[in-house]
Amino acid sequence: MDIMLILQIIVLLGAIFIGVRLGGIGIGYAGGAGVLILGLVLGMKPGNIPWDVILIIASVISAISAMQLAGGLDFLVQIAERILRSNPKHINYLAPIVTYFLTIFAGTGHTAFSMIPVIVEVAKEQHIKPVCPLSIAVVASQIAITASPVSAAVIYMSGVLENFGWSYPVLLVIWLATTFIGCMITAFIMTHIQNMDLDSDPVYQQRLAKGLVKAPEPSAVKTLKPFAKRSVGIFLLGVLAVVFYASAISPAVGLIKHVIVPRDAAIISLMMLVGFLITVCCKADISNVASTSVFKSGMVAIICVLGVAWLGDTFVSGHSAEIKSFAASTVAAYPALLAVVFFFAAMLLYSQAATAKAITPAIVAALGITSSNPGDSYMLVACFAAVSALFVLPTYPTLLGAVQMDDTGTTRIGKWVFNHAFFLPGILAIVFSVALGFLATKLF
């Protein structure tokens, strides 16, 4: 390892470390600064900016923001709260189910923010440590990105894999089944290995004695805006339209053989159309779209992807030969190692889509996967869930939100950074999802 490579790694990890310490949009800022240093000081050619990923995220966020403005998110939260309160003793299973499907529907894990206070209240009512359902629910909201038909990660990866004979509907079925079952197995294990008794937690007792814990509040019926349900219906039709069109142009399905509008352009335009229809049909005040919480968190996510993904691609592109050599010699012999590569890349790149885009081309080239020789492409299908390792560093917005909103103090970050409440359920969910992925690929 020469001195130049060492310096490049220091800049890569240093920019990420500083970004993590800054938090939020600072991760994107630090990533951009890292690109500048790698380029001007260490002579690396700047990598590709993932414009397709950024534009897909922006279009989906704009549509969800319109739905939030029309009251649609309040309606979804109301439904989810009814589900949680209908059988509160099983909150460890119901909480991740709710956050998982909210992410599947919306294509972003930030929807979990709206459920965190509800999960905390229901857990307190049952004298269950909120950390138990919260940790699994946050992880489920992240892993569900790799199965959502409107997520940038799924759009990108399915586009790559279709060239190797995998149809879009088959990929959705595999990723939906494996990630959901993986999350449920994780919920089962965590339920049986954790001490869930809230009253036995010393931190909770200390906070209770100091008056820092609010008493559980009864469910309040929130008045919905007049067109809340309609906005959800329009968004749902948009999601179904994305699934139908992406399936129709899939070479394995072949309903549309002469493709004029590619998949990325289709999902971007469909989501913009959804935003337009919600604005017009639900009488949403378009001047307030940019002020919604979803829009603000979405813009932060876009800048983070821009900075960190650009930084990662700059480093990966500059060392593509070494990465290909490593992949050809190790991943080919031990396919599960691809999941490890995805895992550590996602931990640093902070985005499922950015990780997939940075690593996948190098793996495809290294293993010699082509349309005429798609043999090892099953590895990409099976290991895709591993790009969801955004929970490793305890700085992701929904993870921090869970820590801050749990007033019992049971959801906390340890002194050693990695010993936090989300690490073990996150590892388990990815391991089970990937293992099930390898089994599922044998069936297709």
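Residues numbered from 1 in each chain as written. Predicted model: local features only at pLDDT ≥ 70, side-chain atom pairs only at ≥ 80, totals over all residues. Heavy atoms only, no water.

Caption draft 1: Seen up close, the overall build of the protein. Counting its secondary structure elements, the protein contains 19 helices and zero strands. Its C-alpha atoms give the protein a radius of gyration of 22 Å, within 12% of the compact-globule value 22 Å for 444 residues. Dimensions of the protein, computed from C-alpha atoms along their principal axes, come out at roughly 60 × 50 × 45 Å. Sorting the 444 residues of the protein into buried and exposed places 55% on the buried side. When contacts within the protein are restricted to residue pairs at least 6 apart in sequence, long-range pairs at least 24 apart make up 82% of them. Carbon and sulfur atoms provide 70% of the accessible area of the protein, an area that totals close to 18700 Å². If the 23 positive side-chain charges of the protein are averaged to one point and the 18 negative ones to another, these points end up 4 Å apart. (Helix = DSSP H or I, 4+ residues; strand = E, 2+ residues; numbered from the N terminus. Rg over C-alpha atoms; globule rule 2.2 N^0.38 Å. Buried < 20%, exposed > 50% of the residue type's maximum accessible area, 1.4 Å probe, protein only. Contact = heavy atoms within 4.5 Å. Areas by Shrake-Rupley, 256 points an atom, 1.4 Å probe, with all protein chains shown as cover. Lys, Arg positive; Asp, Glu negative; His and termini not counted. Charge placed at Lys NZ, Arg CZ, Asp CG, Glu CD.)

Caption draft 2: Expanded view of the packing of helix α9 (residues 168-193) against helix α11 (residues 228-248). Viewed as axis vectors pointing N to C, α9 and α11 meet at an angle of 125 degrees, and their least axial separation amounts to 8 Å. Between α9 and α11, the crossing angle belongs to the class labelled oblique. Only Val243, Ala246 and Ser247 of α11 make contact with α9, whose side of the interface consists of Tyr168, Pro169 and Leu172. Residues that form the contact of α9 with α11 fall into these classes: five nonpolar, one polar and no charged. (Axes fitted to C-alpha atoms, helices over the stretch in contact; angles between N-to-C directions. Parallel < 35°, antiparallel > 145°, perpendicular 65-115°, else oblique. Nonpolar A, V, L, I, M, F, W, Y, C, P; charged D, E, K, R; others polar.)

Caption draft 3: Main features of helix α7 (residues 131-143). The first and last C-alpha atoms of α7 sit 18 Å apart over 13 residues, in line with the 18 Å expected at 1.5 Å per residue. With 13 of 13 residues buried, α7 lies mostly within the body of the structure. (Expected span 1.5 Å × (residues − 1).)

Caption draft 4: Geometry of the nonpolar core. Leu84 and Trp175 are the most contacted members of the largest nonpolar core, which has 139 residues in total. The leading source of residues in this core is helix α3 (residues 51-69), at 10 residues. Those residues in contact with Trp175 that sit more than four places away from it in its chain are Tyr100, Thr146, Ala147, Val154, Met157, Ser158, Leu161, Val381 and Phe384. (Core = buried A, V, L, I, M, F, W, Y, C linked by side-chain atoms within 4.5 Å.)

Caption draft 5: The arrangement of the side chain of Ser433 in detail. Mapped onto the elements, Ser433 comes out in helix α19 (residues 423-441). Here Ser433 falls in the buried class, since its relative accessible area comes to 1%. Of the polar contacts made by the side chain of Ser433, one reaches the backbone oxygen of Ala429; its length is 2.7 Å. Leave out the neighbours within four places in its chain, and Ser433 touches Ile143, Thr178, Thr179, Gly182, Ala382 and Ala385. (Polar contact = N/O pair within 3.5 Å; in protein donor to acceptor, adjacent residues only side chain to side chain.)

Caption draft 6: Inspection of the environment of Met44 at higher detail. Tracing the chain through its elements places Met44 in the loop between α2 (26-40) and α3. Residue classification places Met44 among the buried residues on the basis of a relative accessible area of 7%. In this structure the C-alpha to C-alpha distance between Met44 and Thr314, which are 270 residues apart in sequence, comes to 7.2 Å. Leave out the neighbours within four places in its chain, and Met44 touches Gln8, Leu38, Gly39, Thr314, Phe315, Gly318 and His319.

Caption draft 7: Summary view of the pattern of salt bridges. Counted under the stated rule, the structure contains eight salt bridges. The salt bridge involving Arg85 is made with Glu81; its shortest N-O contact spans 3.0 Å. Residue Arg85 and its partner Glu81 are located together in helix α4 (residues 72-86), separated by four residues, close to a single helical turn. Across the pair Glu162 and Arg263 runs a salt bridge, and its minimum N-O distance is 2.0 Å. Note that Glu162 is positioned in helix α8 (residues 152-162) and Arg263 in helix α12 (residues 263-281), a separation of 101 residues in sequence. Here the residues in one salt-bridge network are Glu81, Arg85 and Glu125, joined through shared partners. (Salt bridge = Lys/Arg side-chain N within 4 Å of Asp/Glu carboxyl O.)

Caption draft 8: Quick peek at the packing of α2 against helix α13 (residues 293-318). One way to put it is that α2 packs onto α13 with a least axis distance of 7 Å and a crossing angle of 30 degrees. On the basis of their axis angle, the class for α2 and α13 is roughly parallel. Of the two elements, α2 crosses α13, and the hand of that crossing is left-handed. Residues Ile27, Gly28, Tyr29, Gly31, Gly32, Gly34, Val35 and Leu38 of α2 form the contact with α13, whose participating residues are Ile303, Cys304, Gly307, Val308, Trp310, Leu311 and Thr314. Here the contact of α2 with α13 is built from residues that sort into nine nonpolar, six polar and no charged. (Left-handed = near helix turned anticlockwise from the far one by under 90°.)

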